[in-house]
Structure formats: C-alpha cells, structure tokens
Amino acid sequence: MGGVTTPVQTHPAATQALLARLGPERVKTDEATCFAASFDNMRLSFMPEAVIRPDVEDDIGVVLKLANEHRVPVTVRGRGTGNTGASSPIRGGWVLHLDHWDRIEIDPISAMATVQPGAITARINELAAPHGLFFPPDPSSLKYCSIGGNIATNAGGLRAAKYGVVRDHVYALEGFLPTGEKVRWAAPLRKFVSGLNLRDLWIGSEGTLGVITRATLKLVNKPAARRTFLLACRTDEGALEAAAELMGLRVNPSVFEFLDTQTVEAAEKRRGSRVFSTAELQGVEATHALLLVEIDGHPAALAEDAVKVRAWIGRHAAAFRETDVEAEAEALWDIRRTCSQAMYALGNAKLNEDIVVPFRSYVALIRYTREVRDRVGLATPTFGHAADGNFHVHIMYDRDNPEHCRKAEKAIHEVMTKVVELGGAITGEHGIGIAKSPFLSLQHTPAEIGAMRAVKRALDPNGILAPGQMFEPLNVWEYRPVKVTLAWDKH
C-alpha cells in the first residue's frame, strides 16, 4: 500500500482561483513538482494538487484565505529532511513551499540572527562564526535541513544536553495564523512577557498552528577549544552505566553519544573495518558498545574536565582514543555519522523512533530492546544521545516479507509501550507527524489530547493547516516508501 502517485484535483475551482491570483510562476500543478513535494525523509508519498512558492508575505495571506474559503488542505514545507511525515500532504490539497525563503542576518552586538524559514541550519553557523558566535542546535541533517523545520519540531541534536534545544534559542517569531492574518509572537528582545506566550506554542507544533515567515534566534559564544574521546565498552549495560556516572561527575559534555553493540556491528560492516583492533581491545573479541564524548569551552576549564574524563575512561573502557585535533576528531566522528545508513546491513526497512527515557531507565531500555530482538527475531539497533536519554531505537525488517512486517508492527508497539512505562517520551526531537500518531494516546490522556485539539480548533477553525497530522492515527508500516535518492543519502 502506498500514497497517491499522481495529482488528484479535488479542489479545481480553488486551484484555478489561486492561479488567477498568484500566476503560474508561483503555482505549479505538474506531476514532477507535486511528486517532489509529496514526501519527506520518511518517503511516504501523498500527492498534492498544487505547489506554491510565494514571492512575498502577502502571497501567504492570499493562499491561506483562499484555502479557508474553499476548505483546501495546506501543508507547509521546507527542505523535506523530517523523519515523521509531518511535511507530507496526506490529505492532498496545496503545499506551501518555503525553501527559497532563506535570508540570514547576523547582529553580532545583540548576538542574534534574523532568519527566514528556508535558511539552512549549517549556513547560520557559517555566517555567525566570523563573529565568534554559533547557533547550538545541531540535528544530524544540519547541512540540509531548514530552520523553519527545526522550529516546527523543536529540534535538538547532539549538543542539546549542554546547550538546549531550539526552543531555548528562539526570541521571536513572525508569520500567519491558519486563517491568514499576520502575527508576531514576542520581539527581538532578550526579555518579553507581554501577553500569553504563543511563541512557544508554535515551536514544536509541526506546522499545525501557523506559518512561520521569520524568526529571531539567540546565538552564543563559540567555544574556544574542544576535545573528543571515543571509547569502547565491553557491554551495552556497561556503557550506559558509565554514561550515568560521567553525568554524576558534573562534567557537562557538549556531545555524549551511545552506540549499542548491534549498531557498532552494522557500522563496522559498512566501513569494512573495525573501529578498534583486537590488540587495542585487550582481548575483547566480541562486538562492543561505543561512547563518543566531546567537551568544549575555555582551554583552562577544558583541561580540568579532561582530567576527570580520563579517570572515568580508565574505570570503564576496554580501549579509547582522544584528540583535540580537528581532523582527528572528524575521524572519530565518522562511525557515529555512519549509523543511520549502516542500519540497512540488518534489514531493508526500518521503523525508527526517537524516544527519551530518564537516566534510571537506560539499562532497562537497552535490555528490553534486546529482549524484543530475541523474541521476534528482528534486529533492534539503538544509538543516540546519552547525555539526555534521547535514543533512536530501530526495528529492522524485510519489507517484502509479510511475516517480518507483522513482527515489526508488533515490536514497535511493544517498544513504545515500554518507553512510556519507563517514564519516557515517544519522541524527543523528531515530533509526532504521522509516524508517531498511533502512539500519541500512549503518552497522553484523553483530556490532554482534547486540550490540544481545542487549541487547534481555536487557531484553525476550518482545519485547513496540516489536516490529519498528529491526532489521527495512521499505520505507516502499511505504506510502502517511494524509492528515491535524496541529497543526504550520499553522506
């Protein structure tokens, strides 16, 4: 089963009215354009009937007001790097494409950046760096993803434990309500408490409550130095217990990544070589878990923390490497960056959930993923951010094997149920979209979901913005992804 592969004209009169207002240069209805805007990194295609690239803000008001008048679904899209289908137009209608809205202005005195939603996250840092500043949130797709999508999902990334998530770095937002009125939430100021905080309501709302056209971001001082450590631990449990100990030592790593034994095995297979040699591992023959630790800051403080980290490594590592040289650090990073694609050594399809659990539940989680693996016979590689408990749990399977598909569906339900039982969250940085929609009721009570729906109705009375997303369960494992090669697949 899959999404529609050709445009379906369910609102022809509205689309003709839109063409008349904005013109064919800004409104495209051809199959190729519609297909390119029909999926994100989840690759489930749902065809829209028109793709709109507005020139100016007034164009967005026109689109939204026409959509309300004719009850046309509207899905806002940036660069399509999301993992949950949140930018897929699952009800068809129109896609409002903003990837070309990519202006960036750096204010070094205020340490702020004013950006349009299509600005690529890494580009913000490129422009901030000459001023000794940077924007800390760093999703793994930062070279390709846009800041609008980062805000829409409240993205985190590898540095989140030390520097916080996107919400911690947004001063103000501008844009449009679903009904087409222009609004500004907060202002480019360090303090602002006037009225209700609707800015934070938009952050993480996944494009369901409004259209962002401009954001003012908080920048911070770029650290003067960094030091990177890669260590092998004999077991998954040992690595996670070590992670909890390091956090208790009050070392505040800028990056702290965990790769379980299944992940390391897959990554080494993709690399064609082992990360540590048998000699380095001091006789540990079995596949091992890995921890990647990076500390940053002033050189004096860094030296003090490095002493603590080395002592900690001595208590837990079977082998380790350390460097403060940029090129060598990148080599240590290589295996972490290999993880997502390496998963396919264990199956041709995956269900990937970015869950969060508290420190006390780390070991219980990893043991449960292995229990699921042993019970259903599917690999469950897990890696992620040890400093804040945001792990990426995968169920790997053969999509062409009906039995595998049934097992994968069962396994992911079991894992998500267990995560909530452990006091965790069903998503930490990817959002709900359609991928997590079957699990929303595991996390939230009917009263909580009812309150969310009430907010949605208040701001979007005709339900035109991203309808079907988040609140209506969709069994994504019943759909087949389209086979496409995206820019980030090659890296």
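Located above this text is the structure these notes cover.
Structure report, in brief.

1. Notes on the pattern of salt bridges
Piece 1. Per the counting criterion, the structure on display carries 36 salt bridges.
Piece 2. Here Asp 489 ties to Arg 43 by a salt bridge, and the two come within 2.7 Å at their closest N and O atoms. Placement of Asp 489 in the segment after helix H15 (446–459) and of Arg 43 in the loop between helix H2 (31–36) and strand E2 (50–52) is noted, with a sequence separation of 446 residues between them.
Piece 3. Judged by its relative accessible area of 17%, Asp 489 is buried.
Piece 4. In this structure Arg 43 comes out as buried when scored by relative accessible area, which is 15%.
Piece 5. For the salt bridge of Glu 414 with Arg 375, the shortest nitrogen-to-oxygen distance reads 2.2 Å. Here Glu 414, found in helix H13 (residues 402–421), pairs with Arg 375, found in helix H12 (residues 362–376); they are 39 residues apart in sequence, far enough to count as distant.

2. Quick notes on the packing of helix H8 (residues 236–248) against H12
Piece 1. It is the contact of H8 with H12, at a shortest axis distance of 9 Å, that shows an interaxial angle of 160°. With respect to H12, the axis of H8 lies roughly antiparallel. As H8 packs across H12, the resulting crossing turns out to be right-handed. Of the residues in H12, those touching H8 at Asp 236, Glu 237, Leu 240 and Glu 241 are Tyr 362, Val 363, Ile 366, Arg 367 and Arg 370.
Piece 2. Classifying every residue of the contact of H8 with H12 by side-chain character gives four nonpolar, no polar and five charged.

3. Observations concerning the packing of H8 against helix H10 (residues 299–316)
Piece 1. Contact geometry for H8 and H10: axes closest at 11 Å, N-to-C directions at 155°. Regarding the angle of H8 to H10, the classification is roughly antiparallel. Handedness of the H8/H10 crossing: right-handed. For the pair formed by H8 and H10, the contact residues are Ala 242, Ala 243, Glu 245 and Leu 246 on the first element and Val 309, Trp 312, Arg 315 and His 316 on the second.
Piece 2. By residue class, the composition of the contact of H8 with H10 is five nonpolar, one polar and two charged.

4. Considering the side chain of Asn 150
Piece 1. Position of Asn 150 among the secondary structure elements: in helix H5 (residues 147–153).
Piece 2. Relative accessible area serves as the criterion here: at 5%, Asn 150 is assigned to the buried category.
Piece 3. Not counting residues within four places of it along the chain, the set of residues in contact with Asn 150 comprises Thr 121, Pro 139, Cys 145, Ala 155 and Val 166.

5. Some details on the packing of aromatic side chains
Piece 1. Counted by the stated rule, this structure contains 10 aromatic pairs.
Piece 2. Taken together, Phe 258, Phe 359, Tyr 362 and Phe 391 form an aromatic cluster joined through their ring pairs.

6. A word on the sheet that holds E2
Piece 1. Pairing is mixed across the open sheet formed by four strands, whose spatial order is E1-E2-E4-E3. Each end of this open sheet is capped by a strand with a single partner; those strands are strand E1 (27–28) and strand E3 (74–77).
Piece 2. Running at roughly 165° to strand E4 (residues 94–97), helix H3 (residues 57–70) makes contact with E2, E3 and E4 of the sheet.

7. Some remarks on the environment of Pro 461
Piece 1. Its location among the elements puts Pro 461 in the segment after H15.
Piece 2. In sequence terms Pro 461 and His 288 are 173 residues apart; their C-alpha atoms lie 53 Å from each other.

Reading the values: rules and limits
What you see as residue numbers is a count from 1 along each chain, following the sequence as written. Since the coordinates come from a predicted model, pLDDT governs what is reported: local features require at least 70, and pairs of side-chain atoms require 80 or more to be given and counted, while whole-chain, interface and lining totals use all residues. Side-chain figures throughout are based on the complete set of non-hydrogen atoms in the structure, without hydrogens or water. For salt bridges, the criterion is a side-chain nitrogen of Lys or Arg within 4 Å of an Asp or Glu carboxyl oxygen. To qualify as a helix, a DSSP run of H or I must reach at least 4 residues; to qualify as a strand, a run of E must reach at least 2; elements of each kind are numbered from the N terminus. Only protein chains enter the calculation, and the probe is 1.4 Å; a residue is then buried if its accessible area is under 20% of its type maximum, exposed if over 50%, and partly exposed in between. Lines fitted to C-alpha atoms define the axes here, with helix axes fitted over just the stretch in contact, and angles between the N-to-C directions of these axes take values from 0 to 180 degrees. For classification purposes, angles smaller than 35 degrees are called roughly parallel, those larger than 145 roughly antiparallel, those between 65 and 115 roughly perpendicular, and all remaining angles oblique. The hand of a helix crossing depends on one turn: near helix anticlockwise from the far one by less than a right angle means left-handed, and clockwise means right-handed. Whether two residues are in contact is decided by their heavy atoms: any pair within 4.5 Å suffices. For this classification, the nonpolar set comprises Ala, Val, Leu, Ile, Met, Phe, Trp, Tyr, Cys and Pro, the charged set comprises Asp, Glu, Lys and Arg, and every other residue, Gly included, is treated as polar. Centres within 6.5 Å make a pair out of two Phe, Tyr or Trp rings, where for Trp the six-membered ring is used; the pair is then stacked when the planes are under 30 degrees apart, edge-to-face when over 60, and tilted otherwise. Two strands qualify as a pair provided DSSP detects at least 2 bridges between them.

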